[in-house]
Amino acid sequence: MENSDMLHQQRQHAVVTALRAVLPAHCVLYNEEDTRPYECDGLAAYRQLPMVVTLPENETQVIAILNVCRSMQVPIVPRGAGTGLSGGAMPIADGVVLSTAKLNKILKVDAYARTAVVQPGVRNLAISDAVGAHDLYYAPDPSSQIACTIGGNVAENSGGVHCLKYGLTVHNVLRVRVVTIEGEIMELGSAALDAPGLDLLAVFIGSEGMLGIVTEVTVKLVPKPQTARVIMASFDDVIKAGNAVANVIAAGIIPAGLEMMDKTSSRMVEPYVKAGYDIDAEAILLCESDGTPDEVEEEIARMSAVLQGAGATAIAVSQSEAERLKFWSGRKNAFPAAGRISPDYYCMDGTIPRKNLAQVLLGIADMEVKYGLRCANVFHAGDGNLHPLILFDANQPGEFHRAEAFGAEILELCVAVGGTITGEHGVGIEKINSMCVQFSAQELAAFMAVKHAFDPVSLLNPDKAIPSLHRCAEYGRMHVKKGQLKFPDLPRF
């Protein structure tokens, strides 16, 4: 046995012993067959076996885990359901994974105040199921909502197809209860409309597990609309479709959902779900209206007129709830549909100004030729959040590296047109180099200062989301054309 392996085993034994002193034995996993399922999140291209996995069953146990790890200087990677797509929950070889899967209780529903208090392991869709009898639901609806947890949604500031009208997680969470790295309880936000002091709740939501461990979340609930209908509009040109999105918003209409799919996506999805998509169209838009029957009728008519004026070649409107769900089923199943036509796919996540949708789609088409890989494009078009699915085969030498380079160039294009490198998937490890393209040394230092204010010992999900200045300098030398980065040669922190 090599010396490094022996040291790792000794370290693992010491950490397991310390954790089992404060947790039941079944809450501490360390054998490879038990920890292997935790080696990655939804970004399966990057994997790392964790040293130990913990599954606390209550807040007291969370505090105990943090106290042990802090005293032994062991890094901690928080994990929800593992549906994330940026590697934010990928373990550290000498670290502990803290899974919140067993913290899965809905603690309180207040139908009068339209709020629910839940633990972080509660599934997104389970909240709506639990409050449906009150004609309420939880609005953010990621495509993975059947499996993803509210704690993970808080970590990534997740959205979904209805985030244009109802907002992201940050707009639908009132309060979070957090355990700090010091093992102390901190409550951010308030059940009231506002909370005193700085808005640390907004800082925490989307912080990717780097600032604290969530143990409780108070979410807003919204009334179920009386009715909802969807327009499916076909376009013979992606530029027309992109302009149509901008025209809808410019007309003062805020649809409940406004999604765009290109021809590759439609042809990928239609055989899988049979949603009724126009597979000959260069792009389709899905525009949903919800509210009272009269409101929906009026808004559908207004949107149809705008879409026709923008050059739609065909318009279909859902005539029943079943047909509405059928239209959405294709968009919601874009990711699994990709798995039917390609051995692997790499899902990107950038955000751009709506007016640049067509420009970016055309740029991606040029990149397909450059990298020799296909790309299916699905967009939260209403708020400019794009999800290109780069199709590749990891068994073919060099294809994954080409897919990585393809994705990085898409993000550079997003920044170039005034956008950002992520919308709802987070940075994790996937986009950490792209952070070097978007932000200056001073900005990255400010981000790191916020982390250090919450986690001065840098044990919570280290080496994720915020790159070191040294890393950015190396990335600049190795991957980016001279002069593109703001700081090509910088010292280490």
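Residues numbered from 1 in each chain as written. Predicted model: local features only at pLDDT ≥ 70, side-chain atom pairs only at ≥ 80, totals over all residues. Heavy atoms only, no water.

**Describing the packing of aromatic side chains**
Aromatic ring pairs are defined here through the distance separating the ring centres and the angle between the ring planes.
Right, so step 1: Following the criterion strictly, the structure yields seven aromatic pairs and no others.
Right, so step 2: Put simply, the rings of Y46, Y346, F392 and F400 touch in pairs and so form one group of aromatic residues. (Phe/Tyr/Trp six-rings, centres within 6.5 Å; stacked < 30°, edge-to-face > 60°.)

**Digging into the confidence of the model for the protein chain**
Right, so step 1: On average, residues of the protein chain score 93 in pLDDT, and 97% of them are at 70 or above.
Right, so step 2: The model gives residues 482-493 a pLDDT under 50, and that stretch makes 34 contacts with residues more than four places away or in other chains. (pLDDT = per-residue confidence, 0-100. Contact = heavy atoms within 4.5 Å.)

**Overview of helix α8 (residues 238-250)**
Since the α-helix advances by 3.6 residues per turn, residues separated by three or four positions end up pointing in the same direction.
Right, so step 1: When the terminal C-alpha atoms of α8 are compared, their 18 Å separation across 13 residues agrees well with the 18 Å that a helix rising 1.5 Å per residue should span.
Right, so step 2: Taken as a whole, α8 has its buried residues at V238, A241, G242, A244, V245, V248 and I249. Looking down the long axis of α8, one finds its buried residues gathered within 150° of arc, a one-sided arrangement.
Right, so step 3: Considering only its buried residues, α8 is in contact with α6 (163-166), β12 (227-235), β13 (257-262), β14 (283-291), α10 (293-309) and α13 (357-371).
Right, so step 4: The N-cap of α8, judged by a side-chain oxygen 2.7 Å from the amide nitrogen of I239 a few residues on, is D237. (Helix = DSSP H or I, 4+ residues; strand = E, 2+ residues; numbered from the N terminus. Expected span 1.5 Å × (residues − 1). Buried < 20%, exposed > 50% of the residue type's maximum accessible area, 1.4 Å probe, protein only. Arc of directions from axis to C-beta. Polar contact = N/O pair within 3.5 Å; in protein donor to acceptor, adjacent residues only side chain to side chain.)

**Focus on the sheet that holds strand β10 (residues 213-220)**
Right, so step 1: If you walk across this open sheet you meet the five strands as β5-β6-β10-β8-β9, and the pairing is antiparallel. Edge positions in the sheet fall to β5 (106-110) and β9 (185-189), since each of these pairs with one other strand and no more. Averaged over all adjacent pairs, the angle separating strand axes in this sheet is 15°, with direction ignored.
Right, so step 2: The sheet contact formed by β5 and strand β6 (residues 115-118) spans four bridges and is antiparallel. Among the inter-strand pairings, V109 is bridged to a residue of β6, identified as A116.
Right, so step 3: The strands touched by helix α3 (residues 59-72) are β8 (173-179), β9 and β10; relative to β8, the strand with the most contacts, the crossing angle is about 50°. (Pairing = 2+ DSSP bridges. Axes fitted to C-alpha atoms, helices over the stretch in contact; angles between N-to-C directions.)

**Let's talk about the pairing of strand β18 (residues 374-380)**
Right, so step 1: Buried residues dominate β18, accounting for six of its seven residues.
Right, so step 2: In this structure, β13 lies alongside β18, joined through two bridges in antiparallel fashion. Residue pairing in the sheet places M260 in a bridge with F379 of β18.
Right, so step 3: In sequence, β18 turns back onto strand β19 (residues 385-392) through a hairpin of four residues, with G384 there showing a positive phi of about 75°.

**Some points on the state of the cysteines**
Right, so step 1: The full count for this structure, using the stated rule, is one disulfide.
Right, so step 2: Free of any disulfide, C287 has its nearest cysteine sulfur in C163, 14 Å distant. (Disulfide = S-S within 2.5 Å.)

**A closer look at the sheet that holds strand β2 (residues 52-54)**
Right, so step 1: With respect to topology, four strands assemble into an open sheet ordered β1-β2-β4-β3, the strand pairing being mixed. Edge positions in the sheet fall to β1 (28-29) and β3 (76-79), since each has one partner strand and no second.
Right, so step 2: With four bridges joining them, β3 and strand β4 (residues 96-99) adopt parallel strand pairing. Bridge pairing links I76 to V96 in β4.
Right, so step 3: Relative to the sheet, helix α1 (residues 3-20) contacts β1, β2 and β4, its axis offset from that of β2 by approximately 15°.
Right, so step 4: In this fold α3 packs onto β2, β3 and β4, with an angle of close to 165° to the strand it touches most, β4.

**As for the side chain of E156**
Right, so step 1: Structurally, E156 is set in helix α5 (residues 150-156).
Right, so step 2: Buried charged residue E156 carries no salt bridge. Nearest counter-charge: K431, at 7.9 Å.
Right, so step 3: In contact with E156, not counting residues within four places along its chain, are S86, G206, E208, E424, H425 and G426. (Lys, Arg positive; Asp, Glu negative; His and termini not counted. Salt bridge = Lys/Arg side-chain N within 4 Å of Asp/Glu carboxyl O.)

**A word on helix α9 (residues 263-273)**
Right, so step 1: Residues S265, S266, M268, V269 and E270 constitute the buried set of α9.
Right, so step 2: Of the surrounding elements, those touching the buried residues of α9 are β13, β14, α11 (321-332), α12 (334-341), β18 and β19.
Right, so step 3: Backbone geometry just downstream of α9 places K274 in the positive-phi region, at approximately 50°.

**A word on unusual backbone geometry**
Right, so step 1: Phi is positive for D135, which is not a glycine, with a value near 60°.
Right, so step 2: Along the chain, D135 falls in the loop between α4 (124-131) and β7 (136-137).
Right, so step 3: Even without being a glycine, E208 presents a positive backbone phi close to 60°.
Right, so step 4: Mapping E208 onto the fold places it in the loop between α7 (200-204) and β10.
Right, so step 5: Under the relative-accessibility criterion, E208 is labelled buried at 7%.

**Notes on the pairing of β12**
Right, so step 1: In terms of residue burial, β12 counts as a mostly covered element, since eight of its nine residues are buried.
Right, so step 2: Sheet topology note: the β12/β14 ladder contains nine bridges and is antiparallel. For I231, the partnering residue across the bridge sits in β14 and is C287.
Right, so step 3: Inspection of the sheet shows β12 paired to strand β15 (residues 314-317) by four bridges, in the antiparallel sense. Each bridged residue has a counterpart across the sheet, and for M232 the counterpart in β15 is A316.

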